[in-house]
Amino acid sequence: RRVLFRAVLAGGGTPRRLYELLAGEYGDNIAWHQVHLFWGDERCVPPDRPQSNFKLAQETLLARIPLPAENVHRIPAELEPPREAAAAYERLLRSHWPQATCPAFDLVLLGLGTDGHTASLFPGDPVLEERKSWVRAILAPPAYEIRQRITLTLPAINSAGAIYFLVSGETKVPVLHRVLEQNGSALPASRVRPAEGEPRWFLDEAAAKGLQRAQGGR
Ligand code: 6PG
């Protein structure tokens, strides 16, 4: 039986460097034909818009690796209304895990927003209490440029075998500190936990040094 590796890519700008590395020599040892890629969230724009999470991955990674097109499962966030886009993605996921109560991704990559959001799960949004659906359409807070978004739900994310957070830059330090010290248990990022164990955190130098300072030089 062919072994598959099913991974969820993160949105936002942070994953760019990872995608570039995977498109280069780090990707040479990956059996791409056995990898299937999904997304954690998407802005409701067509896939060729600069705000599209898919577009960043497409340009920096997918266009440069021998990954079969049928292994790429983007969120069709341009469908109207957004709840239809969410339903379409949920059907797609369920076709990969028929009869399952939750998908079983091997790896979910996530970013962290300065307000503690991850994927498109924002603080205080009732979608955080979702138990059954794997995918939902949500409205981000007014400060965000593209408010209409499609996101995986907590049960869909938390069923993963492994969850990796990618965090870069000084601006993320206060929220990172809160999430890691468990002082922010109401924050969406604090409610993310893989099926077994803990999420793993990958920080760039600015985030790591800032965190060390915030923790009092420990
Ligand atoms: C999105 C995201 C989101 C992102 C954070 C961090 O589409 O908005 O998936 O969770 O990871 O907002 O974004 P940056 O990496 O751009 O800081």
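Report follows, based on the coordinates. For clarity, every value in this text was computed on a predicted model and none was experimentally measured. (Residues numbered from 1 in each chain as written. Predicted model: local features only at pLDDT ≥ 70, side-chain atom pairs only at ≥ 80, totals over all residues. Heavy atoms only, no water.)

### Here we look at the sheet that holds strand β3 (residues 41–43)
- Pairing in this open sheet of 3 strands is antiparallel, and the strands run β3-β6-β5 from one edge to the other. Across the chains shown, the open sheet's two edge strands, defined by having one partner strand only, are β3 and β5 (135–139). Direction aside, the axes of adjacent strands within the sheet are offset by 20° on average.
- Examined bridge by bridge, β3 and strand β6 (residues 148–152) share 3 bridges and lie antiparallel to one another. Bridging across to β6, D41 finds its partner in T151.
- Where helix α3 (residues 82–96) meets the sheet, it contacts β5 and β6, and its direction lies at approximately 155° from that of β5. (Pairing = 2+ DSSP bridges. Helix = DSSP H or I, 4+ residues; strand = E, 2+ residues; numbered from the N terminus. Axes fitted to C-alpha atoms, helices over the stretch in contact; angles between N-to-C directions. Contact = heavy atoms within 4.5 Å.)

### Concerning the packing of aromatic side chains
- Counted under the stated rule, the structure contains 7 aromatic pairs.
- Between F165 and W201 the ring centres are 4.1 Å apart and the planes differ by 5°, which places this aromatic pair in the stacked class. Of this pair, F165 sits in strand β7 (residues 163–167) while W201 sits in strand β8 (residues 200–203), and the two are 36 residues apart along the sequence.
- Judged by its relative accessible area of 0%, F165 falls in the buried class.
- The exposure class assigned to W201 is partly exposed, which follows from its relative accessible area of 22%.
- In this structure an aromatic cluster arises from ring pairing among F38, W97 and F105.
- Taking the ring centre of F54 as reference, the NZ or CZ of R74 above it sits at 5.6 Å.
- Directly above the aromatic system of W134 lies the positively charged group of R94, at a separation of 4.0 Å from the ring centroid. (Phe/Tyr/Trp six-rings, centres within 6.5 Å; stacked < 30°, edge-to-face > 60°. Buried < 20%, exposed > 50% of the residue type's maximum accessible area, 1.4 Å probe, protein only. Lys NZ or Arg CZ within 6 Å of the ring centre and 35° of its normal.)

### Overview of the packing of helix α1 (residues 16–23) against helix α2 (residues 53–60)
- Where α1 meets α2, the axes come as close as 9 Å, and the angle between the chain directions of the two elements is 30°. If you check the angle between α1 and α2, you find them roughly parallel. Between α1 and α2 the crossing geometry is right-handed. Only L56, A57 and T60 of α2 make contact with α1, whose side of the interface consists of R16, Y19, E20 and A23. (Parallel < 35°, antiparallel > 145°, perpendicular 65-115°, else oblique. Left-handed = near helix turned anticlockwise from the far one by under 90°.)

### What to know about the pairing of β7
- The buried fraction of β7 amounts to 4 of the 5 residues, a majority that puts the element mostly inside the structure.
- Sheet topology places strand β4 (residues 107–110) next to β7; 3 bridges connect them, and they run parallel. Across the sheet, the residue bridging to V108 is I163, located in β7.

### Considerations on unusual backbone geometry
- In the segment running from E80 into P81, the intervening peptide bond is cis, with an omega of -10°.
- Positive phi, normally seen in glycine, also occurs at Q99, with a value near 65°.
- With respect to the helices and strands, Q99 occurs in the loop between α3 and β4.
- Classification of Q99 by relative accessible area gives exposed; the value is 84%.

### Focus on the packing of helix α5 (residues 173–180) against helix α6 (residues 205–214)
- Direction vectors running N to C along α5 and α6 enclose 60°, while the axes themselves pass 9 Å from each other. In terms of orientation, α5 lies oblique with respect to α6. Considering the relative orientation of α5 and α6, their crossing is right-handed. Across from V173, L176, H177 and L180 in α5, the residues of α6 making contact are A206, A207, G210, L211 and A214.
- Residue composition of the contact of α5 with α6, by class: 7 nonpolar, 2 polar and no charged. (Nonpolar A, V, L, I, M, F, W, Y, C, P; charged D, E, K, R; others polar.)

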